[in-house]
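Summary of the model geometry
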Amino acid sequence: MLKLTDDGAKITLQGQPQALDNGLFWFGAALLVGAVAVAMVMSLLPVRWSIGALALLIVGSFVFNRQRQQRKKAMSGHISSGILWVKDGELVHDSQGKRNHILLVEGDKITLDGEQLQIVGADSVRKYHINGFDNEKEAQATKAILEGQALNKRHANIKMNSD
């Protein structure tokens, strides 16, 4: 839903929030089971076996953290739900009580693909992917405001005639 304000617009995105990755959940659960198994190995088997089991657990933890960081980095620029406060060259994304201020810099390009908006940096790397707009006109209005174009409240203008 789009509401024009004095200096931009307030847009409520209707997309689904980012889902958790089940693969990472199950890998984390396997690490937990592995930690319990290492504790059992350390108490029951010789020292060499214990050191080997502990080394496997450390490698597994490293792989898990690496995958989690890559997933977090990949999803950091994806916006699909919450409220967008759009101004000339600036976005504020309000989602579940957290606010993220996004400033566009010189050289950023805004492209429109149907109901989706992409902000690409000067180095041709995607910074943000925004979807969840109600319709294509909301995405077009967001692009126009970010580029500095003024929007008018068409049906809200009231003309007064003096009698």
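Provided above is the structure to which this section pertains.
Given the structure is predicted, the values throughout are model-derived calculations rather than measurements.

Picture the strands of a sheet paired through backbone hydrogen bonds; they go either parallel or antiparallel. The five strands are arranged 1-2-4-5-6 in an open sheet whose pairing can be described as antiparallel. Both outer strands of the open sheet, strand 1 (2-4) and strand 6 (98-103), are each paired with one neighbouring strand and no more. For this sheet the average axis-to-axis angle between neighbouring strands, irrespective of direction, equals 15 degrees. Bridging between strand 5 (residues 90-95) and strand 6 involves six bridges; their strand directions are antiparallel. The partner of glutamate 90 across the bridge, within strand 6, is leucine 103. Packed onto the sheet, helix 3 (residues 136-146) meets strand 1, strand 2 (8-14), strand 4 (81-87) and strand 5 and runs at close to 40 degrees relative to strand 4.

Now for a nonpolar patch on the surface. A surface patch of nonpolar side chains, about 580 Å² in accessible area, is lined by Val36, Met40, Leu44, Leu45 and Trp49. A per-element tally of the nonpolar patch places helix 1 (residues 22-44) first, with three residues. Tracing the sequence through the fold places valine 36 in helix 1.

With that out of the way, let us pick up the side chain of histidine 129. Looking at the element boundaries, histidine 129 is found in strand 9 (residues 126-130). On the accessibility criterion, histidine 129 (11% relative accessible area) is buried. A distance of 3.2 Å separates polar atoms of two side chains, one belonging to histidine 129 and the other to glutamine 118. Look past the residues within four positions of histidine 129 in its chain and what remains in contact with it is Gly77, His78, Ile79, Gln116, Leu117 and Gln118.

A few words on the pairing of strand 2. Here strand 1 pairs with strand 2 via three bridges, running antiparallel. The partner of lysine 3 across the bridge, within strand 2, is lysine 10. Hairpin geometry of strand 1 and strand 2 is characterised by an intervening segment of three residues between the two adjacent antiparallel strands. The pairing of strand 2 with strand 4 spans seven bridges and is classified as antiparallel. Bridge assignment links glutamine 14 to a residue of strand 4, and that residue is serine 81.

Here we come to the nonpolar core. In this structure, Leu84, Leu91, Ile119, Ile130, Phe133 and Leu146 are the most contacted members of the largest nonpolar core, which totals 18 residues. At the level of elements, strand 2, strand 4, strand 8 (116-120), strand 9 and helix 3 are the ones that each hand at least two residues to this core. If you look at the next biggest cluster of nonpolar residues, it comprises seven residues, including Leu24, Leu31, Val38 and Leu57.

Our next topic: the pattern of salt bridges. Within the structure shown, the criterion is met by three salt bridges. The shortest N-O distance in the salt bridge between lysine 127 and aspartate 108 comes to 3.0 Å. Residue lysine 127 is located in strand 9, and its partner aspartate 108 is located in the loop between strand 6 and strand 7 (109-113); the two are separated by 19 residues in the primary sequence. Its relative accessible area of 32% is what places lysine 127 among the partly exposed residues. Judged by relative accessible area, which is 16%, aspartate 108 ranks as buried. The partner of glutamate 147 in a salt bridge is lysine 143, with the nearest N and O atoms 3.7 Å apart.

What counts as what
- Residues numbered from 1 in each chain as written.
- Predicted model: local features only at pLDDT ≥ 70, side-chain atom pairs only at ≥ 80, totals over all residues.
- Heavy atoms only, no water.
- Pairing = 2+ DSSP bridges.
- Helix = DSSP H or I, 4+ residues; strand = E, 2+ residues; numbered from the N terminus.
- Axes fitted to C-alpha atoms, helices over the stretch in contact; angles between N-to-C directions.
- Contact = heavy atoms within 4.5 Å.
- Patch = residues over 30% accessible without salt bridge, like charges linked within 9 Å, V, L, I, M, F, W, Y side chains within 5 Å.
- Areas by Shrake-Rupley, 256 points an atom, 1.4 Å probe, with all protein chains shown as cover.
- Salt bridge = Lys/Arg side-chain N within 4 Å of Asp/Glu carboxyl O.
- Buried < 20%, exposed > 50% of the residue type's maximum accessible area, 1.4 Å probe, protein only.
- Polar contact = N/O pair within 3.5 Å; in protein donor to acceptor, adjacent residues only side chain to side chain.
- Core = buried A, V, L, I, M, F, W, Y, C linked by side-chain atoms within 4.5 Å.

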